[in-house]
Amino acid sequence: MTLKLILEFAVLLGALLMGARAGGVGLGLWGAVGLLVLVVGFGVPPGAIPGEVILIVLTVIMAASAMEVAGGVDFLVRVAERIIRSNPKQVTIVAPLVTYGFTFASGTGHIVYPLLPVIYEVAHESGIRPERPMAIATIASQQAITASPVSAATAAMIGLLATHHIGLVQILLICVPSTLLAVLIAAFVQMRVGKELADDPDYQRRLKAGEFAPPARRDAGASTELPPLKRGSKASAFLFFGGVALVVLAGLFPALRTIPGAANINGPTVVGMPIAIAIVMLTVAALILAVTRAPVAEVPRCKTCQSGVTAIIGILGLAWLGDTFISANQEVIIGGLSSMAKAAPWTFAFGLFVASMLLYSQAATARALMPLGLSLGIPAASLVGMFPAVNGYFFIPNYGTLIAAMQFDRSGTTRIGKYMLNHSFMLPGLITTTGGVGIGLLIAKLFFHEAN
């Protein structure tokens, strides 16, 4: 390892630490600062801009933002609340399945925020330790990102593996069952986590001190008055999910992406999946606004759009910085890792996990490190099996959804431990990530050996 590489790596870590400290768009902006230092200070050529990933994120965010402005997100939250409240005693199993499903369909884990207070209330009213469903539901909302057909992380994988005969269909066939089974395993384990509320001295102390209200039992026939939904809320949700379904169909049937009468020297012209996703989701956004007559001016001001812009800046800065560093030191890095990767390819998953802890972005991690995996000779299908390893954001509990879950749990059972790393999300996070990678690699080996 040369001194130059060590110094460049120090710049990379410094940019990540400063970005993590700043938070929000600061992650991506400090990534750009690190890139500037590498280019100007070390004479490193800039790496490739993750253009296809940014394109997909931007267009999906537009459709999701239009749905939010039209009231579709409020409608979905009520549907989720109805499902969770209908099975109060099984909230530890039902809640993560709901958050997983909503993230799978929307492509963003931020949809979990309005569901967290519902999960807390249902668990507390049922006498169930809120930590159990709160922690696994939060983890499940992020695991689903690596299985969603319209997430930024999946977009990165589609672009990177297109030339290796791996597309959206193969990614879904490997990642959906692996992550979903891993979430279920973790949910069943969570049912045994922690003391029952009646036996928890800290909970009882806080309850007696009046720090929060005691569990309120709801009558079976009780109803809660809710403000009316916007007129186009249901239509916007159906249009959005119709777009998601069309994206999946386009991946399953390439004929839908084949342009009739347009051929080149290699045969008929087939539109790539990134372009297809972009066209479909922008069209969905336009249809939502036209059908529901939602105020167009509100779209760039809504929470979904603001979160999306933050994600785009993060992906641009961090993935660009990572790609530049790896490209500049490819021979040294590959030389040091090739023997390990050839002997045990699955160990590359540890690198993905550690990188995601620093980058706070599944998409940025995939875009930065998956090309390295291909260079090491790891089969493309195996890399898809390792894809859930990019969900290591939970290890250090300072991610937005984790903090929100702790804040919404007024009972104090969802928390950071004395030693910081012994927090409520560590066990379900490790189980889902390890299980997702293990099951994913098994599926890849059994059913995609030709792609390997």
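Our subject is the structure listed above.
Along each chain, the written sequence defines residue order, and numbers are assigned to residues from 1. At least 70 in pLDDT is required for a residue's local features to be given in this predicted model, at least 80 for side-chain atom pairs to be given and counted, and no such filter applies to totals for whole chains, interfaces and linings, which use all residues. Remark: hydrogens and water are excluded; side-chain values derive from all non-hydrogen atoms of the structure.

## A look at the overall build of the protein chain
Strands are runs of DSSP state E lasting at least two residues, helices are runs of H or I lasting at least four, and both sets are numbered from the N terminus onward. For the protein chain, the helix and strand inventory stands at 19 helices and two strands. Since a compact globule built from 452 residues should have a radius of gyration of about 22 Å, the 22 Å found for the protein chain is in line with a globular shape. Along the longest, intermediate and shortest principal axes, the C-alpha atoms of the protein chain span 70 × 55 × 45 Å. Summary of the burial criterion: residues with accessible area below 20% of their type's maximum are buried, those above 50% are exposed, and those between are partly exposed, where the area comes from a 1.4 Å probe applied to protein chains only. In the protein chain, buried positions account for 52% of the 452 residues. Contacts are residue-level and defined by heavy atoms, with any inter-residue pair within 4.5 Å sufficient. Counting only contacts in the protein chain whose residues sit at least 6 apart along the sequence, the fraction spanning at least 24 positions is 81%. For the accessible areas, the method is Shrake-Rupley and the probe is 1.4 Å, while residue cover comes only from the protein chains on display. Carbon and sulfur atoms form 68% of the exposed surface of the protein chain, whose accessible area is close to 19,800 Å². Positive charges are assigned to Lys and Arg, negative charges to Asp and Glu, while His and the chain termini are left out of the count. In this description, the location of a charge corresponds to atom NZ of lysine, CZ of arginine, CG of aspartate or CD of glutamate. Distance between charge centroids for the protein chain: 1 Å, based on 28 positive and 20 negative side chains. Only C-alpha atoms enter the radius of gyration, while the globule expectation follows 2.2 Å times N to the 0.38, with N the number of residues.

## Concerning the pattern of salt bridges
Salt bridges are defined as contacts in which a side-chain nitrogen from Lys or Arg sits within 4 Å of a carboxyl oxygen from Asp or Glu. For the structure on display, the rule yields ten salt bridges. With a closest N to O distance of 2.4 Å, K4 and E8 form a salt bridge. Linking K4 with E8, this pair stays in helix α1 (residues 3–22), spanning four residues, or about one helical turn. With relative accessibility at 38%, the residue K4 sits in the partly exposed group. Of the charged contacts, one joins E298 and R301 as a salt bridge, the two residues approaching to 3.1 Å between their closest N and O atoms. When salt bridges that share partners are traced, they join E81, R85, E121 and E125 into one network.

## Remarks on the state of the cysteines
When two cysteine sulfur atoms are found within 2.5 Å, that pair is recorded as a disulfide. Tallied over the entire structure, the rule returns zero disulfides. The structure places no disulfide on C302, whose sulfur is separated from the nearest cysteine sulfur, that of C305, by 5.3 Å. By relative accessible area, C302 is classed as buried at 7%.

## A look at the layout of surface pockets
The gaps left among the atoms become clear once a water-sized probe is rolled over them. Cavity and pocket criteria rest on a 1 Å grid covering protein atoms alone: a 1.4 Å probe that fits but cannot get out defines a cavity, protein on both sides within 12 Å along at least 5 of 7 lines defines an open pocket, and an atom within 4 Å of a point defines a lining residue. Grid points are joined across faces, edges and corners, and a volume is the space filled by probe spheres set on the points. Roughly 1,200 Å³ of internal volume is contained in the largest pocket. Around the largest pocket, the lining is made up of 47 residues, and of these T108, H110, Y113, S307 and Y399 lie nearest the centre. Elements that contribute at least two residues to the lining of the largest pocket include exactly α3 (51–69), α4 (72–85), α8 (152–161), α13 (303–328), α16 (362–375) and α18 (400–408). No other element matches α13, which puts ten residues into the lining of the largest pocket. Of the residues in the lining of the largest pocket, the class split is 24 nonpolar, 20 polar and three charged. As a working rule, the residues Ala, Val, Leu, Ile, Met, Phe, Trp, Tyr, Cys and Pro are called nonpolar, Asp, Glu, Lys and Arg charged, and the rest polar, with Gly in that last group.

## So, helix α7 (residues 131–143)
Helix span, expected: 1.5 Å multiplied by one less than the number of residues in the helix. Compared with the 18 Å implied by 1.5 Å per residue over 13 residues, the 18 Å span of α7 between its first and last C-alpha is a close match. For α7, a buried count of 13 out of 13 residues is recorded, marking the element as mostly surrounded by other parts of the structure.

## Some details on the side chain of Q142
Inspection of the secondary structure assignment puts Q142 in helix α7. Overall, Q142 belongs to the buried group, its relative accessible area being 2%. Here a polar contact is taken to be a pair of N or O atoms separated by no more than 3.5 Å, where protein atoms must pair a possible hydrogen donor with a possible acceptor and residues adjacent in sequence count only if both atoms sit in side chains. Separated by 3.0 Å, the side chains of Q142 and Q362 make a polar contact. When neighbours within four sequence positions are excluded, Q142 is seen to be in contact with G109, Q362, N391, Y393, Y399 and T401.

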